[in-house]
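A closer look at the structure
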Amino acid sequence: MEATSSTLLRPLGLLAELTHRCPLGCPYCSNPVALEGRTEELDTATWSRVFVEAAALGVLQVHLSGGEPAARRDLVEITAAARQAGLYTNLITSAVGLPAERLAALAQAGLDHVQISIQDSEAKSADRIAGYEGAFARKRALAAAVVQQGLPLTVNAVVHRANIDRIDAMVDQAVALGASRVEIAHVQYYGWAIPNRAMLMPTPEQVERAREAVVALRDRHQGIIVIDAVVPDYYARYPKPCVGGWGRRSLNVTPSGKVLPCHAAESIPGLEFWSVRAHSLADIWRHSPAFNAFRGTDWMQEPCASCPRRFEDFGGCRCQAFALLGDARATDPVCHLSPNHGLLAELAGERRDAPYVYRRLGGKRAANASILEKESADTEAGDTT
Ligand code: SF4
Ligand code: FES
């Protein structure tokens, strides 16, 4: 369905995936399994143009993300360009490869906010989950530097079977680090998390204990830190309004310039994505076949098509419907009204203790890990041009 000016909303947020390079190997990374390499990445000038076009389109906030955005040598210039375009800039970082001096340069360039993910409250477990020795210590160091710079800090605690019983300690850690907000984000099963699903899936008892822990933590830390948490998909009765509805409020630019309605959209076969190399952002937002594929409600099947909640949750997540049912138009099976809802309980029951499949570029983890670690060391040593 082609959007008309009366049905088309303005996007508010832009996720700028500056690079897929990252020193960490988190087994739940939301990046696609087929990662884009360094040589395909957009240059500084193109990102600057994209930010100007985004602001003109109505975007208010840009999330500078990756991979690890600090792997880009021009991150300071990119941040300055986003700020000059009038966008609120949020840096989403693993904290590895971003020393305090470079953070200071980013703050100078106009960075508004920093979000750091943590893998656990205990160093050994955190480093094992991240697939990077020393990641825990670097995250703590960068968090301290963020607070020292006077920048607001959000801690993103990604929880799953290995760490969900330490939610209390992770929130206490976020408070101690000086964060004003902590997001308790259950793993979403896209990208690298799909092959790791059985190793990451929490038990129903853990999910219930986590729910109770969040209630107690909100009580204990009231007025000190904002705690965001939602029920994990596989244990929910209704789906989330994924990305606020397809093509309604946000867009995602990949390192090579493809514009997606959500970070996992490339997992749906047959969608045609346009690139900022060939089209303006406004043209893509209005006319790109991928953006128009699931706009509105005409594409919906029953039970969504006649459900009163279809304007609230938009039938849930298209990528999840495709990943689990092979049909991107189906009702997200997270919804208890879906005829396929029982599948989630089956999948949640498949738990296995086995080594993680770590995220990697290319397919040669050992080789890539050492290259990335060297890149990260170069960056920390000041090789940022
Ligand atoms: Fe949402 Fe569809 Fe479920 Fe209704 S049937 S609650 S619109 S997912
Ligand atoms: Fe693609 Fe939810 S992740 S619609």
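Heads up: these notes are all about the structure in this document. (Residues numbered from 1 in each chain as written. Chains lettered and ligands numbered in written order. Predicted model: local features only at pLDDT ≥ 70, side-chain atom pairs only at ≥ 80, totals over all residues. Heavy atoms only, no water.)

**Here's the deal with the overall build of the protein chain**
How we decide: Only DSSP runs of H or I with at least four residues qualify as helices, and only runs of E with at least two residues qualify as strands; both kinds are numbered from the N terminus onward. The globule rule used for comparison is 2.2 Å times the number of residues to the exponent 0.38, while the radius of gyration itself is calculated over C-alpha atoms. For each residue, the accessible area found with a 1.4 Å probe, counting protein chains only, is set against the maximum for its type, and the residue is called buried under 20%, exposed over 50%, and partly exposed in between.
Within the protein chain one finds 14 helices and nine strands. The C-alpha radius of gyration of the protein chain comes to 20 Å, within 12% of the 21 Å expected for a compact globule of 385 residues. Over its C-alpha atoms, taken along the principal directions, the protein chain stretches across nearly 55 × 50 × 45 Å. Per-residue burial over the protein chain gives 55% buried out of 385 residues.

**Quick notes on helix α2 (residues 75–84)**
Condition: Two residues qualify as a contact provided that any one of their heavy atoms is within 4.5 Å of a heavy atom in the partner residue.
Of the residues making up α2, those classed as buried are Leu75, Ile78, Thr79, Ala80, Ala81 and Ala82. Of the surrounding elements, those touching the buried residues of α2 are α1 (44–57), β2 (61–65), β3 (88–93) and α3 (100–108). Phi turns positive, to about 95°, at Gly86, one or two residues after α2.

**Topic: unusual backbone geometry**
Outside of glycine, negative phi angles account for most residues, and trans bonds account for most peptide bonds. For the peptide bond that leads from Gly66 to Gly67, omega is 10°, which places it in the cis range. At the junction of Glu302 and Pro303, the peptide bond is cis and its omega measures out at 10° in the coordinates. Mapping Pro303 onto the fold places it in the loop between α10 (289–293) and α11 (310–313). One non-glycine residue, Val243, lies in the positive phi region at around 45°. Here Val243 shows up in the loop between β7 (226–229) and β8 (250–253). The exposure class of Val243 is partly exposed, given its relative accessible area of 29%. Not every positive phi belongs to a glycine, and Phe314 is a case in point at roughly 55°. Assignment of secondary structure puts Phe314 in the loop between α11 and α12 (318–325). Since its relative accessible area comes to 16%, Phe314 is described here as buried.

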